[in-house]
Amino acid sequence: MSFVIFAGCKYFGIMLGDKRCIDPDNNIIDENVTKVKKINDNLISCAAGSEPIINSIWNYLYSLENYRSLDCESCLELITAYFNETFDTHHEVSMGFSSIHNGIIEYTYLHIVNGTINPSIYKYETEDDIQFYFLADGLTNLPAQFRTIFDQSKLFSLTNIKSSFYRTLKQGKQNDISINDGFDYQYIVREDIYDGQHDRKK
């Protein structure tokens, strides 16, 4: 398990993931795994599950000549075709992609299980409130801990999300072998309505 989340609203989308990798017997394999990637200036991705499959999909996207223009919608089509041609596996993978399309924050969630891709697509046209999606929630109900910490502050900002995530990892790692307190993050913002430099609504 891991702790990987996407948080989205009409102002921004942000992805965060811890850095630890464990095997099925909960033995630590790696303390510096990347679970969040920036594909291009308008497309970010996060993932949990089989690391070889995840890295293969990310490397495939980077190999495309037009990777700098990819968004959620084009990724879904490309990954589906690539996965069906490349993998015959029963490993489970969760992947998220977020981009701005036609001025709207979009999030695509892909649940890959038993060789089948099950997509869900979300568009944040009017939502002021931040919506959270947990691609991996650790072994000790980390989403509940995160929400408690996040709700303690009324600050609407990317900084608050990052701080709450780190505090969850710091507390959670005491009882959860699947995570450490290192993490990566990437975000996109709608610059017409959100000041990313000062981390606040315009």
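This text follows the structure it describes.
Note that residues are indexed from 1 along each chain, following the sequence as it is written. Residue-level local features of this predicted model are given only where pLDDT is at least 70; pairs of side-chain atoms are given and counted only at 80 or more, and the full residue set underlies all totals for whole chains, interfaces and linings. Only hydrogens and water are set aside when side-chain values are computed; all heavy atoms of the structure are taken into account.

Draft legend 1. Up close: the packing of helix α1 (residues 51–63) against helix α2 (residues 72–86). Running from N to C, α1 and α2 point in directions that differ by 120 degrees, and their axes come no closer than 11 Å. Overall, the two elements α1 and α2 adopt an arrangement that is oblique. Like other packed secondary-structure pairs, α1 and α2 cross with a definite hand, here right-handed. Across the interface between the two elements, I53, S56, I57, Y60 and L61 of α1 pack against C75, L78, I79, Y82 and F83 of α2. Inter-axis angles, ranging from 0 to 180 degrees, are taken between N-to-C directions of lines fitted to C-alpha atoms, where helices are fitted over the stretch in contact. Secondary structure elements are defined from DSSP: runs of H or I of at least 4 residues count as helices, runs of E of at least 2 residues count as strands, and each element is numbered from the N terminus. Should an angle fall under 35 degrees it is called roughly parallel, over 145 degrees roughly antiparallel, and 65 to 115 degrees roughly perpendicular, with every other angle called oblique. The hand of a helix crossing depends on one turn: near helix anticlockwise from the far one by less than a right angle means left-handed, and clockwise means right-handed. Throughout, a contact is declared for two residues whenever any of their heavy atoms are within 4.5 Å.

Draft legend 2. Representation of the packing of aromatic side chains within the structure. Two rings belonging to Phe, Tyr or Trp (six-membered ring only in the last case) form a pair when the distance between their centres is within 6.5 Å. Interplanar angles under 30 degrees mark stacking, angles over 60 mark edge-to-face geometry, and anything in between is tilted. Applying the stated criterion across every chain, the model contains 23 aromatic pairs. Pairing F3 with F134 gives two aromatic rings, centres 6.1 Å apart and planes at 10 degrees, and the pair type is stacked. Here the residue F3 occupies a position in strand β1 (residues 3–8), and F134 occupies one in strand β10 (residues 131–137), the gap between them amounting to 131 residues. Taking relative accessible area as the criterion, F3 reaches 0% and is therefore assigned buried. An angle of 5 degrees between the planes, with centres 4.1 Å apart, marks the rings of Y60 and Y82 as stacked. With Y60 in helix α1 and Y82 in helix α2, this residue pair connects regions lying 22 residues apart in the sequence. Just as Y60 is buried, Y82 falls in that class too. Working definition: with a 1.4 Å probe on protein chains only, accessible area under 20% of the residue-type maximum means buried, over 50% means exposed, and in between means partly exposed.

Draft legend 3. View of the packing of helix α3 (residues 142–151) against helix α4 (residues 158–172). For the pair α3 and α4, interaxial distance at closest approach is 9 Å and the crossing angle is 130 degrees. Relative to α4, α3 is oriented oblique. In this structure, α3 meets α4 at a crossing whose hand is right-handed. In this structure, α3 uses L142, Q145, F146, I149 and F150 to contact α4, whose residues at the interface are N160, I161, S164, F165, R167, T168, Q171 and G172. The nonpolar class holds Ala, Val, Leu, Ile, Met, Phe, Trp, Tyr, Cys and Pro. Asp, Glu, Lys and Arg form the charged class, and all remaining residues, Gly among them, are polar. Broken down by class, the residue content of the contact of α3 with α4 amounts to six nonpolar, six polar and one charged.

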